[in-house]
Amino acid sequence: QKEVEQNSGPLSVPEGAIASLNCTYSDRGSQSFFWYRQYSGKSPELIMSIYSNGDKEDGRFTAQLNKASQYVSLLIRDSQPSDSATYLCAVSNFNKFYFGSGTKLNVKP
Amino acid sequence: GAVVSQHPSWVICKSGTSVKIECRSLDFQATTMFWYRQFPKQSLMLMATSNEGSKATYEQGVEKDKFLINHASLTLSTLTVTSAHPEDSSFYICSAYPGGFVMNTEAFFGQGTRLTVV
């Protein structure tokens, strides 16, 4: 079992819709959770971090964390074609850091 | 934010030669560094994880004798592609994690190195 699991996709949504990206993790001791976005041929960039149960909103992005279910999600509202990218989920616990394999998102105009 | 410098950003080499890629954390100490490879239109693939002062842990299917990883200090890790062949042509990216030095922090990515073997 991988430490962080993500559906590879691709996830296709129409422009203006809500894109929902999901991630599960196996280490119950994980403390910090991150979402990165990677455009093709570029390095990943951090878009959201969350440390407590519940929702965290930043513009069109909302990260959701449920530690009991070991589940992290990223919602993108009003999806734009420019949001088309691969989204990586990552979790950490002090000295351990794990990435998921990423979900490819396609936003169709 | 913290900076990870990866060098070179691109390299072209002849088949059979070796290429070294450096990954430096410029303003923090990295307990862990990750090396990824990405082929066109594919996802990042983790090659190996290295902790300072110890041997790298390679992912299944990655040849450790071909992809030599050295993490000799808390600010520098190197990936050497030995006896490179055209099929090794890819985008290589490193990521550095401060770990216990800084709580609740993310891992930081280098800019990537595009390797072309001719």
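Anything mentioned here points back to the structure above.
Values in this document were obtained by computation on a predicted structure and should not be read as measured data.

Criteria and thresholds
Residues numbered from 1 in each chain as written. Chains lettered and ligands numbered in written order. Predicted model: local features only at pLDDT ≥ 70, side-chain atom pairs only at ≥ 80, totals over all residues. Heavy atoms only, no water. Core = buried A, V, L, I, M, F, W, Y, C linked by side-chain atoms within 4.5 Å. Buried < 20%, exposed > 50% of the residue type's maximum accessible area, 1.4 Å probe, protein only. Helix = DSSP H or I, 4+ residues; strand = E, 2+ residues; numbered from the N terminus. Contact = heavy atoms within 4.5 Å. Pairing = 2+ DSSP bridges. Axes fitted to C-alpha atoms, helices over the stretch in contact; angles between N-to-C directions. Disulfide = S-S within 2.5 Å. Salt bridge = Lys/Arg side-chain N within 4 Å of Asp/Glu carboxyl O. Polar contact = N/O pair within 3.5 Å; in protein donor to acceptor, adjacent residues only side chain to side chain. Nonpolar A, V, L, I, M, F, W, Y, C, P; charged D, E, K, R; others polar. Phe/Tyr/Trp six-rings, centres within 6.5 Å; stacked < 30°, edge-to-face > 60°.

Draft legend 1. Structural detail: the nonpolar core. Ranked by size, the top nonpolar core spans 25 residues in total, and within it Val4, Trp35, Phe67, Leu79, Tyr92 and Leu115 of chain B carry the most contacts. Secondary structure elements with two or more residues in this core: strand E2 (10–13), strand E3 (19–25), strand E4 (32–38), strand E5 (45–51), strand E7 (67–73), strand E8 (76–81), strand E9 (90–97) and strand E11 (113–117) of chain B. When sequence neighbours within four positions are dropped, the list of residues in contact with leucine 79 of chain B reads Val19, Lys20, Ile21, Trp35, Phe67, Leu68, Ile69 and Tyr92 of chain B. Tyr25, Ile47, Ile50 and Leu105 of chain A belong to the second-largest nonpolar core, a separate cluster that totals 23 residues.

Draft legend 2. Molecular detail of the sheet that holds E7 of chain B. All names here are of chain B. Ordered by their spatial adjacency, four strands build an open sheet running E1-E3-E8-E7, and the pairing between neighbours is antiparallel. Of all strands in the sheet, those with a lone pairing partner are strand E1 (4–7) and E7, marking the two edges. Averaged over all neighbouring strand pairs, the angle between strand axes comes to 15°, with direction disregarded. The pairing of E1 with E3 spans four bridges and is antiparallel. Along E3, the bridge assignment pairs histidine 7 with glutamate 22.

Draft legend 3. The arrangement of the side chain of serine 92 of chain A in detail. Considering the arrangement of structural elements, one finds serine 92 of chain A in strand E9 (residues 85–93). On the basis of relative accessible area, serine 92 of chain A is assigned to the buried category, the value being 2%. In this structure serine 92 of chain A touches Ser30, Gln31, Ser32, Phe34 and Phe97 of chain A together with Tyr97 and Thr105 of chain B, once residues within four positions along its chain are discounted.

Draft legend 4. Representation of the state of the cysteines within the structure. According to the stated counting rule, one finds two disulfides over all chains in the structure shown. For cysteine 23 of chain A, the disulfide goes to cysteine 89 of chain A, at an S-S distance of 2.0 Å. Torsion about the S-S bond of the cysteine 23 of chain A and cysteine 89 of chain A cystine: about -70°, corresponding to left-handed handedness. Linking cysteine 23 of chain A in strand E3 (residues 19–25) with cysteine 89 of chain A in strand E9, this pair joins segments that are 66 residues apart in sequence. Considered together, cysteine 23 of chain A and cysteine 89 of chain A belong to a single accessibility category, that of buried residues. What pairs with cysteine 23 of chain B in a disulfide is cysteine 94 of chain B, and their sulfur atoms sit 2.0 Å apart. In this structure, the disulfide formed by cysteine 23 of chain B and cysteine 94 of chain B twists by about 80° around the S-S bond and is classed as right-handed. Note that cysteine 23 of chain B is positioned in strand E3 and cysteine 94 of chain B in strand E9, a separation of 71 residues in sequence.

Draft legend 5. Geometry of the interface of chain B and chain A. The interface is formed by 23 residues belonging to chain B together with 19 residues belonging to chain A. For the pair chain B and chain A, the number of links is zero salt bridges. In this assembly, chain B and chain A are joined by four residue pairs in polar contact (both at pLDDT 80 or more). Within the residue set of the side of chain B that touches chain A, elements represented by two or more residues are E4 and E9 of chain B. The residue makeup of the side of chain B that touches chain A, split by class, is nine nonpolar, twelve polar and two charged.

Draft legend 6. Quick look at the environment of lysine 56 of chain A. Residue and element names in this part refer to chain A. By the secondary structure assignment, lysine 56 is in strand E6 (residues 54–58). Since its relative accessible area comes to 34%, lysine 56 is described here as partly exposed. Each C-alpha atom, one on lysine 56 and one on serine 30, is 17 Å from the other, the two residues being 26 residues apart in sequence. If near-sequence neighbours (up to four positions away) are discounted, lysine 56 is found in contact with Met48, Ser49, Ile50, Phe61, Thr62 and Ala63. At 2.8 Å, the side chain of lysine 56 and the backbone oxygen of serine 49 are in polar contact.

Draft legend 7. The arrangement of the packing of aromatic side chains in detail. This structure, assessed with the given rule, holds 14 aromatic pairs over all chains. When the ring of phenylalanine 97 of chain A is compared with that of phenylalanine 34 of chain B, the centres are 6.1 Å apart and the planes differ by 55°; the resulting orientation is tilted. Pair noted here: phenylalanine 97 of chain A is in strand E10 (residues 96–99) and phenylalanine 34 of chain B is in strand E4, and the two residues belong to different chains. Like phenylalanine 34 of chain B, phenylalanine 97 of chain A is buried. Relative to phenylalanine 108 of chain B, the ring of phenylalanine 28 of chain B has its centre 5.3 Å away and its plane inclined at 50°; by these criteria the two rings are tilted. Highlighted residues: phenylalanine 28 of chain B in the loop between E3 and E4 and phenylalanine 108 of chain B in strand E10 (residues 108–109), separated in sequence by 80 residues. According to the relative accessible area criterion, phenylalanine 28 of chain B is buried, its value standing at 11%.

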